Every structure is written in C-alpha cells, then in structure tokens.
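Listed below, chain by chain, are the residues.
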Amino acid sequence: MSFEQLGLSQPILQALDQKNYTVATPIQQQAIPLVLQGRDLLGIAQTGTGKTAAFMLPSIDRLREAGNQTPFKSCRMLVLAPTRELAGQIAKSAEDYGGFTGLRVSVVVGGTSVGKDRNKLHRGTDILVATPGRLLDLVDQKAIRLDGIEILVLDEADQMLDLGFIHALRKLVALMPKERQTLLFSATMPSSIKDLSKQYLNNPAQVSVAPAATTAERVKQFVTLVSQSEKQALLELMLKKRYPQTEGMERVLVFTRTKHGADRVVKKLAQAGIQSDAIHGNKSQPQRERALANFKSGRVPVLIATDIAARGIDVTGVSHVINYELPNVAEQYVHRIGRTARAGADGIALTLCAEDERAYLRDIQKLTGVTCERLPLPENFRAFIDELPITRPKGNPGQVQQPRAKKVHAKPLGGERRGDRGPRQDNRSGERPAHQGDRPAQHGGDRAAKPAGAGGGQNKRRRFGGKSPAGGGSGGNGGGFQRRSRG
C-alpha cells in the first residue's frame, strides 16, 4: 500500500518522495489511518519495522491541519524516549518528515547544556522529543509547561519501565491535559505495559506486526558454548573471520552486560589489532555521538555496546550481532538481535555462552520459541589461544611479581592524612562518573550531573600543582583549601 492511499497530505508525501519512501510497512499501514482519526493507539512492534514513521507522519499531519499556535514555554506534541540516541533519531525523522510544514522540532536529552535547552524552549516548539529525566529537570526549573500538549507519544515504553522511569513518567503525565491523543509503542507486551495502557490511553486501538517477544524471522541465530576466560579469544577469531557464519561480516555490534566490560573488550581488541569503539552510560554525549557516527560511516566496523546505550542505535547494514555476554533479562535479547536484519536484509546473531549463563540461554529460547543452532569450538581453537600474546608484568623476564607493600604516610604537621579526607573515589580510569547517562537518577532520568561542590555535602579539598610552601601541606596557593602548619 502506498502512503498516498493512507490519506496523508501533500506536504508529507512531498517529504517522503524526497527520501524515496513509496510503500508503507505493515505497522505503518495499520497505524497511520487510526492516528489520523485521532484515536489513542497501543502499538506492538519490534525495532526496524518503521514504527517511528507510523506515529510521526500522521501526527505531523494532525498538527499542521489544526494550525494552533505554540504556547509560550510549551510544546504541542511530546515524544518520550528512553535513551539519548533514540531521542536524537526520532527528532531527525521529525525534521525530515515535517520539512514542508513549517513545524518546529526540538530535542532535549541528558549530557547536554541545560541552559541551551532552556533557551531553545523559551519561545515554545511544535514537536519536542525528550528523555524523561532531562524533561523533568526543565519542568522543575519552570523552563517548560506541559499543559498545551495535544499529542503524547511513549516510544519503547517497555524499556522506559525497565530503566525505572515510571516515577518520572507519572509526574510528567500528571501535568498534561486529559484531553489529548496518546500513542504508546513497545517491542514487547508484558503485564506492566498492559497496566500502563489502561492508565494513560482512552479506548485505544491496538496494532501489532508480530506476536509479543518474538525475534526477527530473518535473523539466523547461533550459539557456542565456551568458558568465560576464552570468550575474548573466540571473539577475536570471529572478528578475524576465521570462524563459521562470519562470511560477509561488515558491520558488527557486540553486546556486553556492563560498561567496564565494554571498555575491557575494546582494549583487548586494540591489542589484537582490531579497531573498535564502545558506547555506554559512562561515555560523554560527544563521545557517544562520535562513536555512533564512526560506526554508521564504516570508519570503525565494530561497536561494543551495553543494552541501554544500544537501544537507540538504528544503523542499517549491521551484518552481525555478537552476544559477548548474555543478558540476564530475556527480553533484552530480542532487542539486541533486532539491530540486524533491518530494512528487509538478513542478519546473523552469534552468542557466546559460558557455563554460568546456561540458565539465561534457556530463558531466551523459551521466550522466543527458537532454539539457537549450536556451533562447536573450532578444532584449532587451543592453538589460536596459544598464539595470543601474553601480557607479562613489568620487570625482568621470568620475575615473579610480588604484592606491593602497603604505603604508610606520616601525618604532616598541621596537615591531614588522606584517610581523614573521607573515602577515596574509586575512579582510576580518569573518567567522571556519568550520572546523567542511561540509568535514572533522582527522578529516574538521564539528567546532567551536578558540578563538583554543588548541592549537599562538604566540598572536597583540592590539591594544586607546584611546590609546597615551607611548613605547609601540598599545593598552598592561597586558595584556602588546605590548612597551613602553625609551626
């Protein structure tokens, strides 16, 4: 069915023609006529099915036809997304689809300047795409009002609940008018989503393009049983295309369970001469955008990601998804492998399963109804491991590294021991913890972290470079952060 047959207006059709979109996907064919009628909608659709256009195209048409003025410090349509990357992609789609309508589109997410967000919302905007935490920050600062919303969209609602955004969501919805159109989209249909739809949707129509929690049919799924200590070697073997089902490997998405695990894999791959990037909540927003841009362009063919950060990755041409570690929530597996086999292409999912992950594998296969095909370890696997370089401790060859003796620091006159300053922050990587990242903070969102010294608690004492003054502690530059000796 063509988009013209769905009843979309000429400005929308003109924008679609520029992108060479002519035929609607199944979810678009079902959802667009219902949204144009003003119905509330519950949509069950996996990623890569075209659901963004399914709610954005008819919503833009309704806003254009209504022709209402955008209220001061407000928006007419609000789209809530669980991650920064997904929010950015939705906003980009809205700009493309509404290019001939004159509607303004804005996006506010964590990890960016709150001041700039306040400025962009001062005059109001037609379409606002936001993550819940940052939006709640702006509401608390009275930078935006939600009483003028005509259309509310909750995208990837199951992920928002998994991330603990339910409290922020309740606070935000309570500030919106009850007379509005609400569209809720989810890849799965757990009981929590059913409860959410009963609370926020009014007599909704329901559309679905696949049974809940099923995997993409075009993804071939394989599993290899391997010990945890040998996973890195097997991953390198796969990325060097010396393993079955790695033919045609071009763009690869590798999933880990933790942020530190992702960084560790990147470091090990670099030692093996394999270029990769990591994307997770501890990365700054510019770092995440740069890693994603390099992956999309093909400059970096391997991207290591956590589940939260990867939820918003919409990259065509991902040939393989590798589960370096299995998710402990079976539904996450569905989202992971949905990153391949997009836009009608085929894809391959390779899973590395250790002994302590067998229960996770059983849960996944029970949920999806698919038994992953077993790939045995290659015959030359042990020889490949023996070829890997061994990282030896610094010192003479063959020297046994002794445990370091614990240093005892004498307390200087008038000074203070490190232990008296409070617990040391365990952040040896030199990277600031990203409280504005993917997990919810005070309000359950991805708000920006407070600057050092702002808010409760005592200011941490600073240490300055340069020579210490006579009789004083380290760094006495007149700043008053370190007590001086009284002699």
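Please read all numbers here as calculations on a predicted model, not as lab measurements. (Residues numbered from 1 in each chain as written. Predicted model: local features only at pLDDT ≥ 70, side-chain atom pairs only at ≥ 80, totals over all residues. Heavy atoms only, no water.)

Peer 1: Just checking my understanding: could you explain the nonpolar core for this structure?
Peer 2: A general trend in soluble globular proteins is that nonpolar side chains are found buried together. Ranked by size, the top nonpolar core spans 41 residues in total, and within it Phe3, Leu41, Phe55, Met56, Leu57, Met77 and Ile127 carry the most contacts. Here this core takes seven residues from helix H3 (residues 51-66), the largest share from any one element. Those residues in contact with phenylalanine 3 that sit more than four places away from it in its chain are Leu8, Leu13, Leu16, Tyr21, Thr22, Val23, Ala24, Gln28, Ile32 and Leu57. In this structure, Leu42, Leu136, Ala168 and Leu169 belong to the second largest nonpolar core, which totals 37 residues. (Core = buried A, V, L, I, M, F, W, Y, C linked by side-chain atoms within 4.5 Å. Buried < 20%, exposed > 50% of the residue type's maximum accessible area, 1.4 Å probe, protein only. Helix = DSSP H or I, 4+ residues; strand = E, 2+ residues; numbered from the N terminus. Contact = heavy atoms within 4.5 Å.)

Peer 1: What's the story with the side chain of threonine 101 in this structure? I'm lost.
Peer 2: Note on placement: threonine 101 falls in the loop between helix H4 (84-97) and strand S3 (105-108). A relative accessible area of 18% means that threonine 101 is categorised as buried. Of note is the side chain of threonine 101, whose polar atom sits 2.8 Å from the backbone oxygen of glycine 98. Within the structure, threonine 101 has its side chain in polar contact with the backbone nitrogen of leucine 103 (distance 3.4 Å). Excluding residues that lie within four positions of it along the chain, threonine 101 makes contacts with Pro11, Ile12, Ile60 and Arg64. (Polar contact = N/O pair within 3.5 Å; in protein donor to acceptor, adjacent residues only side chain to side chain.)

Peer 1: How should the pairing of strand S4 (residues 125-130) be read in this particular structure?
Peer 2: The buried fraction of S4 is high, at six of six residues. Direction of pairing for strand S2 (residues 75-80) relative to S4: parallel, over a ladder of five bridges. The partner of valine 79 across the bridge, within S4, is valine 129. Regarding the hand of the β-α-β motif, the stretch spanning S3, helix H5 (residues 114-121) and S4 is right-handed. (Pairing = 2+ DSSP bridges. Right-handed = clockwise from strand over helix to strand, strands pointing away.)

Peer 1: Help me out: how do you make sense of the sheet that holds strand S8 (residues 219-225) in this one?
Peer 2: Two modes of strand pairing occur in sheets, parallel and antiparallel, and in both the strands are linked by backbone hydrogen bonds. Spatially, seven strands are ordered S10-S11-S9-S12-S13-S8-S14 in an open sheet, and the strand pairing comes out parallel. Two strands in the sheet have a free side with no partner beyond their single neighbour: strand S10 (277-279) and strand S14 (373-374). One ladder, built from four bridges, connects strand S9 (residues 252-255) with strand S12 (residues 320-323); its direction is parallel. Counterpart to valine 254 in the pairing with S12 is isoleucine 322.

Peer 1: Could you clarify how one ought to interpret the pattern of salt bridges in this entry?
Peer 2: Applying the stated rule across the entire model yields 17 salt bridges. The partner of arginine 288 in a salt bridge is glutamate 85, with the nearest N and O atoms 2.8 Å apart. Remark: glutamate 85 occurs in helix H4 and arginine 288 occurs in helix H12 (residues 285-297); sequence separation between them is 203 residues. For the pair arginine 288 and glutamate 85, one class covers both residues: buried. Notably, a salt bridge pairs lysine 283 with aspartate 263, separated by 3.8 Å at the nearest N-O pair. Of this pair, lysine 283 sits in the loop between S10 and H12 while aspartate 263 sits in helix H11 (residues 259-271); the two residues are 20 residues apart in sequence, bridging distant segments of the chain. Under the relative-accessibility criterion, aspartate 263 is labelled partly exposed at 26%. Salt bridges linked by common partners bring Lys19, Lys92 and Asp96 together as one network. (Salt bridge = Lys/Arg side-chain N within 4 Å of Asp/Glu carboxyl O.)

Peer 1: Would you mind going over the environment of serine 276 with me for this structure?
Peer 2: Relative to the elements of secondary structure, serine 276 occurs in the loop between H11 and S10. Distance from serine 276 to valine 266, taken between C-alpha atoms, is 5.9 Å for residues 10 residues apart in sequence. Setting aside residues up to four positions removed in sequence, serine 276 forms contacts with Val266, Leu269, Val300, Val302 and Ile304.

Peer 1: What is the right way to look at the packing of helix H2 (residues 26-36) against H3 in this model?
Peer 2: Geometry of a packed helix pair, given as the angle between the helix axes and the separation of the axes. In contact at an axis separation of 8 Å, H2 and H3 are set at 25 degrees when each is read in the N-to-C sense. Between H2 and H3, the angle is such that the two are roughly parallel. When the axes of H2 and H3 are compared, the crossing they make is right-handed. Residue-level contacts link Ile27, Gln28, Ala31, Ile32, Val35 and Leu36 of H2 to Lys51, Ala53, Ala54, Leu57, Pro58, Ser59, Asp61 and Arg62 of H3. Considering only residue class, the contact of H2 with H3 consists of nine nonpolar, two polar and three charged. (Axes fitted to C-alpha atoms, helices over the stretch in contact; angles between N-to-C directions. Parallel < 35°, antiparallel > 145°, perpendicular 65-115°, else oblique. Left-handed = near helix turned anticlockwise from the far one by under 90°. Nonpolar A, V, L, I, M, F, W, Y, C, P; charged D, E, K, R; others polar.)

Peer 1: Where do I start with the sheet that holds strand S7 (residues 205-208) in this structure?
Peer 2: One open sheet accounts for seven strands, arranged S3-S4-S2-S5-S6-S1-S7; its pairing is parallel. With partners counted over all chains shown, the strands left at the sheet margins are S3 and S7, one partner each. Across the sheet, the mean angle from the axis of one strand to that of its neighbour is 15 degrees, orientation sign disregarded. Direction of pairing for strand S5 (residues 151-154) relative to strand S6 (residues 181-186): parallel, over a ladder of four bridges. Opposite isoleucine 151, over in S6, you have glutamine 181 as the bridge partner. Relative to S7, H2 is tilted by about 165 degrees, and along the sheet it contacts strand S1 (41-44), S6 and S7. Taken strand by strand, H3 contacts S2, S4, S5 and S6, and its axis lies near 170 degrees from that of S2.

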